[in-house]
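# Topology and contacts: notes
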2 protein chains.
Amino acid sequence: MKIGVLGTGMVGSAIASKLVALGHEVRMGAREAGNEKARRWAESAGKGASAGTFADAAKFGEIVFSATLGTAALDALRAAGRENLRGKILVDVSNPLDFSKGAPPTLFTGPNDSLGERIQKELPETKVVKALNTVNAGVMGDPGRLSGESDLFVCGNDPGAKERVRALLAEFGWRSVIDLGDIAGARATEAYLLLWLRLYGALKTADFNVRVVRPGRG
Amino acid sequence: MKIGVLGTGMVGSAIASKLVALGHEVRMGAREAGNEKARRWAESAGKGASAGTFADAAKFGEIVFSATLGTAALDALRAAGRENLRGKILVDVSNPLDFSKGAPPTLFTGPNDSLGERIQKELPETKVVKALNTVNAGVMGDPGRLSGESDLFVCGNDPGAKERVRALLAEFGWRSVIDLGDIAGARATEAYLLLWLRLYGALKTADFNVRVVRPGRG
């Protein structure tokens, strides 16, 4: 599959590299053409990897990942171009974290609001699926590094889009993906970041995830 | 131990009954003396159970549980009386859920605020420990009903108070309790309710909890 990845940071690189390793053709998009990090990634990631602008990557992908910083997400998507994302699936991995007052970051959205919903509103003709934002870049493409199985969450307004993303996540190694409903579920998985950050502080590692434990399911 | 429980709803009753079953003396507190639900609970819960006002319960307890609705918590604690809670441990189980616009509820606190912090600010001479608010009343006192082990979170400003609460939670059956740091950690466990509510919708049961999965720990 042809996939666009918007963002050149740890998250964008981890997702793009995993997709290339799985045999997909991946174009990483950056704000400017010739962006140093995107160019270096494309050179090192091997066959199927290329780099361009946000618009280049959005146009290239059948599915596009939004993996910039949360504060930059809406600007990046506007630069990517509504027409280049029309009718496509956009996997939103970003979190509304505000580091402007130092660490730990706060959320720049209210509790009854989310970045996922803002993005869906900005791109009404794109099928936004929120996913992967609840785990660290290292865990995203390698859930097996954790000693036990854990759960990933997806939400979005289009059931078919969620099924396609679920299939892609299965390629990543995610065997348990819980559908939380419509895109307003992003309020839940983004707010969970506050717990993630506290757990990160308590456990002194970002290598963790949660498993939902129920009666009859360990 | 003598323990006060503020609140006569499902959560207050579940905690109070569990404590009585464990052999503690428990006074359930309600807004008014002679409250029907508190009286009936005290009659049915057996030896060691009694009922009174919020102030009666606060005065009675060496440790006090705040288990009213979140919207009522601060008023209930004011009625309980700052002097009756001075120097004591207050286990805050409440969540800032606003049901005024119907279900699902929203949070009435901002993302960088929490009910736990508001309560600690209201009662500066009380050791507030946030705990048990991330699980349903049925799971609180019976974590073994889930098929696998799961985690509970505590936070608060006083390490000694957290240790005493941890010991009490161990009596409840909680073997894994993660300390998330100071009372501002309540932002994390209260915001997690948004995920809890979506999971409740997806799983069609309130009988669940999360397990933190890491490398080397299933």
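The structure under discussion appears in the preceding block.
Residues numbered from 1 in each chain as written. Chains lettered and ligands numbered in written order. Predicted model: local features only at pLDDT ≥ 70, side-chain atom pairs only at ≥ 80, totals over all residues. Heavy atoms only, no water.

Below, the discussion takes up empty space enclosed by the protein. Here the structure, examined in full by the defined rule, presents one cavity of 30 Å³ or more. Computed from the structure, the largest cavity encloses a volume of approximately 100 Å³. Secondary structure elements with two or more residues in the lining of the largest cavity: helix H9 (186–203) of chain A together with helix H9 (186–203) of chain B. Sorting elements by how many residues they give to the lining of the largest cavity places H9 of chain A first, with five residues. (1 Å grid on protein atoms, 1.4 Å probe; cavity = no way out; pocket = protein on both sides within 12 Å on 5 of 7 lines; lining within 4 Å. Points joined across faces, edges and corners; volume = space filled by probe spheres on them. Helix = DSSP H or I, 4+ residues; strand = E, 2+ residues; numbered from the N terminus.)

Attention shifts here to the packing of aromatic side chains. All names here are of chain B. Taken as a whole, this structure holds four aromatic pairs over all chains when the rule is applied. Pairing Trp196 with Tyr200 gives two aromatic rings, centres 5.3 Å apart and planes at 15°, and the pair type is stacked. Pair noted here: Trp196 and Tyr200 are both in helix H9, with a separation of four residues, about one helical turn. For Tyr200, a relative accessible area of 42% gives the class partly exposed. (Phe/Tyr/Trp six-rings, centres within 6.5 Å; stacked < 30°, edge-to-face > 60°. Buried < 20%, exposed > 50% of the residue type's maximum accessible area, 1.4 Å probe, protein only.)

The next thing to look at is the environment of Asn35 of chain B. Residue and element names in this part refer to chain B. Relative to the helices and strands, Asn35 resides in the loop between strand S2 (25–30) and helix H2 (36–45). Once residues lying within four places of it in the same chain are set aside, the contact partners of Asn35 are Thr8 and Ala30. A polar side-chain atom of Asn35 sits 2.9 Å from the main-chain amide nitrogen of Lys37. (Contact = heavy atoms within 4.5 Å. Polar contact = N/O pair within 3.5 Å; in protein donor to acceptor, adjacent residues only side chain to side chain.)

So, on to the nonpolar core. Ranked by internal contacts, the top residues of the largest apolar core, which has 76 residues, are Ile119 and Leu199 of chain A together with Ile119 and Leu199 of chain B. When sequence neighbours within four positions are dropped, the list of residues in contact with Ile119 of chain B reads Ala73, Leu74, Leu77, Leu90, Asp92, Ser94 and Val128 of chain B. (Core = buried A, V, L, I, M, F, W, Y, C linked by side-chain atoms within 4.5 Å.)

Right, let's talk about the relation of the copies chain B and chain A for a bit. Each of the two copies of the chain can be brought onto the other by a rotation about an axis and a shift along it. Superposition of chain B onto chain A requires a rotation of 180° combined with a translation of 0.0 Å along the rotation axis, giving an RMSD of 0.0 Å. Seen this way, the second copy is the image of the first under a two-fold rotation axis. When the interface residues of chain B are mapped onto chain A, 100% of them again lie at the interface, so the same face is used by both copies. (Least-squares fit on C-alpha atoms with pLDDT ≥ 70 in both.)

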